[in-house]
Amino acid sequence: MSPEERPTFSRAQIVYGQIVYWITILACLICTVGPVISMASVENNVANPHYLFASIFAGDDAQTVWNKVGGGFPGGHFWAKNFTKGDGFTQFGLALGCSVALWGLIVAAFLYMREKVYLYVVLSLWVATLVFLSASGMVSGGH
Amino acid sequence: MSKFLRSPWLEVNVMVFVLILSFAGLALIGWGAETPPGGMSGAAIFGWLFGFFFLSFAIALVAVIGGIGGGVLFTPFMLAFTSVDSLIIRATGLIVAMFSGLISTGPFTKRGLANLRICIFCAAAYGVGAFGGAIGAIYVAKHLGATGEGVVRLALGLILLSLAVYFIVGGKKIEWPEVKHVDNFTKKLKLSQPYYEESLKKVIDYPLTRAKWVLFAIVGVGLLSGFFGLGAGWAIVPAQNMIMAVPLKVAAANSGVLLGMGDCIAVWPYLLMGAIIPLFAAPWLVGQVLGGLLGALILIRVKAGFVRFLLIGFMFFACFGLLTKGLGMLGVIGNVPMWLNGAVFLAILIWCTRAILKHRKSES
């Protein structure tokens, strides 16, 4: 069967896959470089890596780790105020990767709209809203 | 133009280049750094970062060959054999599971093997379950203290035991399920999407059924995945295959895409409460992405069924570690002596060797 005869897929599917793929790679590159920035200047971190790893391997829970090393947890999006710091930059990479479905689904919803597949516009936006609510901390179950 | 200068090799080469430079830089900085009193030395930090990356990379590679998700290997191993807090491990486990899914999303959607409509439909339910599971995990960690840690390890040990047995028995899966009746609800969803099946050299169109029942199953799977920080491919694949009649290959591809999508919801409660510590989680993420990509490019055609038995053996050993550690934390038993750990390891090793030899014999 020639490639021309093979079934074609919705543009939303292809574009969603490409957005997720490339942002994941970008997140990976940021998370590769981030620890180097952290170690190159240990003072330029929210939490000093020397004490951070010692505390993690001592079996401390997350709250204790941050209290001991970072003077308390600076918030889930601390990268925004600490973008040039080693761990702030690394957290940006993590946050980017962990929100990738949001960006992909918004574009997929737009493309489903152009294809007039309205059910999947709604479902894409529903899942994207769940990611947004979870990432923004608006719905956190009181924690 | 050489294939190494075109996608996907181009991005693999860039990532490997940046990785080598980064670890070389980390090694130099680590060995030259002064260790503050009470802190860990720079060389030890380099060792841990490299060790985490290497382990994650290896897990991603064997996961591709063995068909067992990275999250199922990472979380039990770390919980059984390290002193790291269970919430930090489970949160990082979710990163491991989701990034192995995310990196497979591009190739699977491009080839049409994954069906985005099924993934979005299932993610609408999976996300709710996984988010609930993550919130539950944080609640247990905050309110049940050491007892909660023990119970979590025990529960995970039992889940892992059932999983290992399930992987041996094989489960009841059907490569090309037959659909006798398509219900109205499923029909209205228009989920089917024909694709070209390379191995059969023909276009496969697959009718689906019972979509509403899959929703209930997937919410439960999401709960488990979000709570324990496990990947859930082992449950998502049979749920799609057995209930909705999704062909096995499509269900497996969908599971990666769905995990990547759904865990974007589950992971945030952990991130927002500080359980995902950037420097601890980053090397695991990098290992999954690079290992997953390279594994898919180089190893996907390697016939190495024996790896599956090694992974199952590993799961049994992690299960033993989890159960004994959990019982120890609850004060039911004391410390497990070294000789007993060794004896169990030896027994599992003998079982693995026998199973591999039997498998080889049946293949030849």
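Notes on the structure in this doc start here. (Residues numbered from 1 in each chain as written. Chains lettered and ligands numbered in written order. Predicted model: local features only at pLDDT ≥ 70, side-chain atom pairs only at ≥ 80, totals over all residues.)

1. What to know about the overall build of chain A
Turning to step 1, where the next piece is worked out: Looking only at helices and strands, chain A has six helices and zero strands in total.
Turning to step 2, where the next piece is worked out: Listed by position from the N terminus, the elements making up chain A come as α-α-α-α-α-α.
Turning to step 3, where the next piece is worked out: Relative to the 2.2 N^0.38 estimate, which gives 15 Å for 143 residues, the radius of gyration of chain A is 20 Å and therefore markedly larger than a compact globule would have.
Turning to step 4, where the next piece is worked out: Each principal axis of the C-alpha atoms in chain A carries an extent, and together these give about 60 × 40 × 25 Å.
Turning to step 5, where the next piece is worked out: Looking at chain A residue by residue over its 143 residues, the buried ones come to 50%.
Turning to step 6, where the next piece is worked out: Within chain A, residue pairs in contact and separated by at least 24 positions form 59% of the contacts whose partners lie at least 6 positions apart. (Helix = DSSP H or I, 4+ residues; strand = E, 2+ residues; numbered from the N terminus. Rg over C-alpha atoms; globule rule 2.2 N^0.38 Å. Buried ≥ 20, exposed ≤ 12 C-beta atoms within 10 Å, placed from the backbone. Contact = placed C-beta atoms within 7 Å.)

2. Here's the deal with the overall build of chain B
Turning to step 1, where the next piece is worked out: Each helix and strand counted, chain B has 12 helices and two strands in total.
Turning to step 2, where the next piece is worked out: For chain B, the α and β elements follow one another from N to C terminus as α-α-α-α-α-α-β-β-α-α-α-α-α-α.
Turning to step 3, where the next piece is worked out: Its C-alpha atoms give chain B a radius of gyration of 21 Å, near enough to 21 Å, the size a compact globule of 364 residues would have.
Turning to step 4, where the next piece is worked out: Among the 364 residues that make up chain B, the fraction classed as buried is 52%.

3. Focus: the nonpolar core
Turning to step 1, where the next piece is worked out: Counting residues in each nonpolar core, the largest one holds 169 residues, and the members touching the most others are Val127 of chain A together with Ile95, Cys119, Cys122, Val267 and Leu285 of chain B.
Turning to step 2, where the next piece is worked out: Broken down by element, the residue count for this core peaks at 22 residues, all from helix α5 (residues 116-169) of chain B.
Turning to step 3, where the next piece is worked out: Once residues lying within four places of it in the same chain are set aside, the contact partners of Ile95 of chain B are Val267, Ile276, Ala281, Trp284 and Leu285 of chain B. (Core = buried A, V, L, I, M, F, W, Y, C linked by C-beta atoms within 7 Å.)

4. Quick notes on helix α7 (residues 211-228) of chain B
Quick reminder: α-helices carry 3.6 residues per turn. Residues three or four places apart thus point the same way.
All names here are of chain B.
Turning to step 1, where the next piece is worked out: Its 18 residues place the ends of α7 26 Å apart at the C-alpha level, agreeing with the 26 Å of an ideal helix rising 1.5 Å per residue.
Turning to step 2, where the next piece is worked out: Considered for burial, the residues of α7 that qualify are Ala211, Val214, Ala217, Ile218, Val221, Gly222, Leu223, Ser225, Gly226, Phe227 and Phe228.
Turning to step 3, where the next piece is worked out: Those residues of α7 that are buried are in contact with α3 (70-81), α4 (86-111), α5, α6 (184-189), α8 (233-244) and α9 (248-272). (Expected span 1.5 Å × (residues − 1).)

5. Remarks on the interface of chain A and chain B
Turning to step 1, where the next piece is worked out: The interface of chain A with chain B comprises 68 residues on the first partner and 73 residues on the second.
Turning to step 2, where the next piece is worked out: Sorting elements by how many residues they give to the side of chain A that touches chain B places helix α1 (residues 11-40) of chain A first, with 21 residues.
Turning to step 3, where the next piece is worked out: Tallied by class, the residues present in the side of chain A that touches chain B amount to 42 nonpolar, 22 polar and four charged. (Nonpolar A, V, L, I, M, F, W, Y, C, P; charged D, E, K, R; others polar.)

6. Quick look at unusual backbone geometry
Residue and element names in this part refer to chain B.
Turning to step 1, where the next piece is worked out: Here the residue pair Ser7 and Pro8 is connected by a cis peptide bond, since its omega of 5 degrees sits within 30 degrees of zero.
Turning to step 2, where the next piece is worked out: Looking at the element boundaries, Pro8 is found in the segment before α1 (9-32).
Turning to step 3, where the next piece is worked out: You will see that Arg210, though not glycine, has its phi angle at about 50 degrees, which is positive.
Turning to step 4, where the next piece is worked out: Looking at Arg210, the number of C-beta atoms within 10 Å reads 18, which means it is partly exposed.

7. Some thoughts on the environment of Ile243 of chain B
Residue and element names in this part refer to chain B.
Turning to step 1, where the next piece is worked out: Here Ile243 is to be found in helix α8.
Turning to step 2, where the next piece is worked out: Overall, the presence of 20 C-beta atoms within 10 Å leaves Ile243 in the buried class.
Turning to step 3, where the next piece is worked out: Considering only alpha carbons, one finds Ile243 and Arg210, 33 residues apart in sequence, at a separation of 6.3 Å.

8. Comments concerning the packing of α5 of chain B against α9 of chain B
Residues and elements named next belong to chain B.
Turning to step 1, where the next piece is worked out: One can describe the packing of α5 onto α9 by two numbers: an axis separation of 8 Å at closest approach and a directional angle of 35 degrees. The handedness of the crossing between α5 and α9 is right-handed. Counted together, Ile118, Cys119, Cys122, Ala123, Tyr126, Gly127, Ala130, Phe131, Gly133, Ala134, Ile135 and Ile138 of α5 and Asn254, Val257, Leu258, Met261, Gly262, Asp263, Ile265, Ala266, Pro269 and Tyr270 of α9 form the full contact between these two elements.
Turning to step 2, where the next piece is worked out: When its residues are assigned to classes, the contact of α5 with α9 shows 17 nonpolar, four polar and one charged. (Axes fitted to C-alpha atoms, helices over the stretch in contact; angles between N-to-C directions. Left-handed = near helix turned anticlockwise from the far one by under 90°.)

9. Thoughts on the environment of Gly222 of chain B
Turning to step 1, where the next piece is worked out: With respect to the secondary-structure elements, Gly222 of chain B resides in helix α7.
Turning to step 2, where the next piece is worked out: What Gly222 of chain B contacts, discounting residues up to four positions off in sequence, is Ala125, Tyr126, Gly127, Val128, Gly129, Ala130, Gly133 and Gly262 of chain B.

10. Considerations on the packing of α3 of chain B against α5 of chain B
Residue and element names in this part refer to chain B.
Turning to step 1, where the next piece is worked out: The N-to-C vectors of α3 and α5 enclose an angle of 135 degrees; their axes lie 11 Å apart at closest approach. In terms of orientation, α3 and α5 fall into the oblique class. Crossing of α3 against α5: the hand is left-handed. For the pair α3 and α5, the contacting residues are Val72, Pro76 and Leu79 in the first and Arg153, Leu156, Leu160 and Leu163 in the second.
Turning to step 2, where the next piece is worked out: A per-class count over the contact of α3 with α5 returns six nonpolar, no polar and one charged. (Parallel < 35°, antiparallel > 145°, perpendicular 65-115°, else oblique.)

11. Remarks on helix α3 (residues 62-70) of chain A
Residues and elements named next belong to chain A.
Turning to step 1, where the next piece is worked out: Looking at α3, one finds that the buried residues are Ala62, Val65, Trp66, Val69 and Gly70. What you see down the axis of α3 is that its buried residues fit within an arc of 90 degrees, all on one side.
Turning to step 2, where the next piece is worked out: Within two residues after α3, Gly71 carries a phi angle of roughly 65 degrees, on the positive side. (Arc of directions from axis to C-beta.)

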